[in-house]
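# Descriptive structure summary
The chain contents come next:
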Amino acid sequence: FTDKAHNLRPKELLTYSFNNSSVINFKSKLFQTLNSIVSKPIQRGTSAIVNNHFIFSEKKYPELKPIVKNVSSINTYNVTKENAFILAVNGSISDVTKEYLDSVKNKILSTPSDKFKAVKRDIKKNKNWYTVKLKSSGNFIFNYYLRNNIDFIYNPYKHLSSDNFYSVNIEQSELAYLAILNSSFTRLSVLNNSRSQGNGLRKIQLYEFKEIKVIDIKNISSKSINELEELGKSLMISERYNNKQNEIIEQIDSILLNEYNNYNNAAIGADELINELKEYIK
């Protein structure tokens with residue numbers, strides 16, 4: 001047989017999902033796109049000029065600002081403190097930092113011609129080539145390189161985050177959304193919209209991430225919302241790397257499966273969700 005051809009305009013191509021085989025009907029009105037439930041535009045975090053020269057593990061210079069950079073050193077589902085420093089010069093510069101920036105400039109200019117082309121161009125054109133534009137962070141952050149951990153991390157104090165994260169702002173029922181965002185439903189939606197990078201690594205682009213489907217809290221019962229808030233509280237302090245969080249996520253899934261089945265007159269079981277996740281996560 002032959003597949004029916006899809007004639008897609010370039011704009012449609014950006015958001016068209018080629019993976020329509022999920023056990024979950026993400027077209028159900030129970031779901032909304034992530035982009036439609038946020039209070040501010042979803043964006044990447046703050047970019048350093050060159051990570052090797054502008055990201056530090058300790059505060060060596062007065063102009064360094066704390067930032068969340070390394071996802072693997074966030075032990076729970078809650079950012080309790082920043083784990084790196086970014087050199088973000090704003091206004092006057094200390095002598096010690098001026099000296100450091102001069103040495104960095106010389107190092108960058110002396111690298112082979114195919115490296116740091118854009119930065120070299122900036123150095124030649126702009127005396128303030130080292131200026132970093134700080135971006136406000138969200139109360140949830142998400143690392144867009146995916147392996148086994150597909151985690152939305154709660155960032156209640158909106159600590160500055162680096163550009164390996166997407167920043168998400170959801171101002172309503174934050175702890176209930178922490179539960180929903182880390183459910184198998186949302187994880188499947190993320191994985192369905194991501195693409196393989198080889199060796200078990202996947203990546204989700206910003207335009208794909210904005211379109212992931214998330215259960216809309218407005219469509220579920222107040223009893224379920226209260227239960228999800230309690231589970232969100234537990235998840236927030238749960239370790240991300242010891243599998244104990246799986247018990248919490250199973251309870252979250254159970255509540256959301258009940259809501260999904262009632263809303264869609266369906267009979268999906270937890271094992272069907274888990275089996276589909278296993279297709280992505282070995």
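Our subject in this report is the structure included herewith. Note that the structure is a prediction, hence the values are computed from the model and not measured. (Residues numbered from 1 in each chain as written. Predicted model: local features only at pLDDT ≥ 70, side-chain atom pairs only at ≥ 80, totals over all residues. Heavy atoms only, no water.)

## Topic: the layout of surface pockets
Rolling a probe over the atoms, with the probe sized like a water molecule, indicates the empty space that remains. To keep it simple, the criterion reads: Residues are called lining when one of their atoms sits within 4 Å of a cavity or pocket point, these points coming from a 1 Å grid over the protein atoms alone, where a cavity is a set in which a 1.4 Å probe fits but cannot get out and a pocket is an open set with protein on both sides within 12 Å along at least five of seven lines. Grid points are joined across faces, edges and corners, and a volume is the space filled by probe spheres set on the points. Per the convention used, a helix needs a DSSP run of H or I reaching at least four residues, while a strand needs a run of E reaching at least two, with both numbered from the N terminus.
The volume enclosed by the largest pocket comes to roughly 480 Å³. Around the largest pocket, the lining is made up of 18 residues, and of these Asn148, Arg187, Asn246, Leu277 and Ile281 lie nearest the centre. Those elements that provide at least two residues to the lining of the largest pocket are α7 (184-193), α10 (245-264) and α11 (270-280). Broken down by element, the lining of the largest pocket gets its largest block of residues, five residues, from α10.

## Some words on the environment of Lys124
Counting through the fold element by element, Lys124 comes out in helix α5 (residues 117-125). In this structure, the C-alpha to C-alpha distance between Lys124 and Leu109, residues 15 residues apart in sequence, is 9.5 Å.

## Let's talk about α10
How we decide: Given a helix with a known number of residues, its expected span is that number minus one, times 1.5 Å. Burial classification: accessible surface area is computed with a 1.4 Å probe over protein chains only, and a residue below 20% of its type maximum counts as buried, one above 50% as exposed, and the rest as partly exposed. Two residues form a contact once any of their heavy atoms are found within 4.5 Å.
For α10, with 20 residues, the first-to-last C-alpha span of 28 Å sits near the 28 Å given by 1.5 Å per residue. All buried positions along α10 are accounted for by Gln245, Ile248, Ile249, Ile252, Asp253, Ile255, Leu256, Leu257, Glu259, Tyr260 and Asn261. Close packing links the buried residues of α10 with β1 (31-33), α6 (174-181), α7, β12 (213-215), α9 (222-236) and α11. Of the residues one or two after α10, Asn265 is the one with positive phi, at around 50°.

## Concerning the nonpolar core
Definition in use: Definition used in this section: a nonpolar core is a set of buried Ala, Val, Leu, Ile, Met, Phe, Trp, Tyr and Cys residues joined via side-chain atoms within 4.5 Å.
Grouped together as the largest cluster of nonpolar side chains are 53 residues, with contacts concentrated most on Leu34 and Phe209. Ala48, Ala88, Val89 and Val132 belong to the second largest nonpolar core, which has 25 residues in total.

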